[in-house]
Amino acid sequence: MKKLSNLFQNNRTWSDRIHEQDPAFFPALASQQAPEYLWIGCSDSRVPANEIVDLLPGELFVHRNVSNIVVHTDMNCLSVLQYAVEVLKVKHVMVVGHYGCGGVRAALDQRSHGLIDNWLRNIRDVYNKHRALVGPWKDTPAQVDMMCELNAIEQAHNVCNTTIVQDAWARGQELSIHGWVYSLKNGRLTDLEFCAGTPDEVEPELQQAIARIESIRAFS
């Protein structure tokens, strides 16, 4: 049986390096967790949340799944969201997609992928909602990228409509929900212009974010 000794060696090297740079780092990290941000992102190994926004461990609470989907029946995601909002008191929740997402492409091709098709159906629902904007599916890079943006926006919208976020807003808690997308090609984040901090902002922010995509398409 292989015990992945290389990863343990990597860990020791990393731990020693961090300790040498900052002897107080690990004691401070162990003493508290007080992040202001919850990142809901894709499981893709090329999208490391902390590194992308240059935050240290302990500064960013993270939940990841295939294609950064937020479903109202997903107790895993909702439990993370509840803990982040009600216990950690994060001030920002970012739903972050990434261009070229394999889950988005898989959701819209005509092949069977097994069990995961039930999960990816949520992305197909996003496509069906915005079919007129995206157009007949031809799996072009432009269509894939547009769907990655639309999916992040719609999942951020779903976060806003959870009882967790609605209850937080009702009790006056400071909390903003953001929709972003990340580019693997240049390492840059793009603000998709969805940022809701009250119930009254949710639908206008959704329309603004969709209008941004419509505008970009009109000039492309």
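Remember, predicted model here, so these are calculated numbers, not experimental data. (Residues numbered from 1 in each chain as written. Predicted model: local features only at pLDDT ≥ 70, side-chain atom pairs only at ≥ 80, totals over all residues. Heavy atoms only, no water.)

Student: Would you take a moment to explain the packing of aromatic side chains for this structure?
Tutor: Two measures describe an aromatic ring pair: the distance that separates the ring centres and the angle between the ring planes. For the coordinates displayed, the defined rule picks out four aromatic pairs. Between tryptophan 14 and phenylalanine 26 the ring centres are 5.5 Å apart and the planes differ by 80°, which places this aromatic pair in the edge-to-face class. Here tryptophan 14, found in helix α1 (residues 5-21), pairs with phenylalanine 26, found in helix α2 (residues 25-31); they are 12 residues apart in sequence, far enough to count as distant. When its relative accessible area of 25% is taken as the criterion, phenylalanine 26 is described as partly exposed. (Phe/Tyr/Trp six-rings, centres within 6.5 Å; stacked < 30°, edge-to-face > 60°. Helix = DSSP H or I, 4+ residues; strand = E, 2+ residues; numbered from the N terminus. Buried < 20%, exposed > 50% of the residue type's maximum accessible area, 1.4 Å probe, protein only.)

Student: For this particular structure, what's the right way to read the nonpolar core?
Tutor: Nonpolar side chains in soluble globular proteins tend to be buried together. Formed by 54 residues in total, the largest nonpolar core has its most connected members in Leu38, Val93, Met147, Leu150, Val159, Leu175 and Ile177. Residue contributions to this core peak at 10 residues, all from helix α8 (residues 141-160). In this view, isoleucine 177 contacts Val93, Ala156, Val159, Cys160, Val165, Trp169, Phe194, Cys195 and Ala196; residues no more than four positions away in its chain are not counted. Trp39, Met94, Val96 and Trp180 belong to the second-largest nonpolar core, a separate cluster that totals nine residues. (Core = buried A, V, L, I, M, F, W, Y, C linked by side-chain atoms within 4.5 Å. Contact = heavy atoms within 4.5 Å.)

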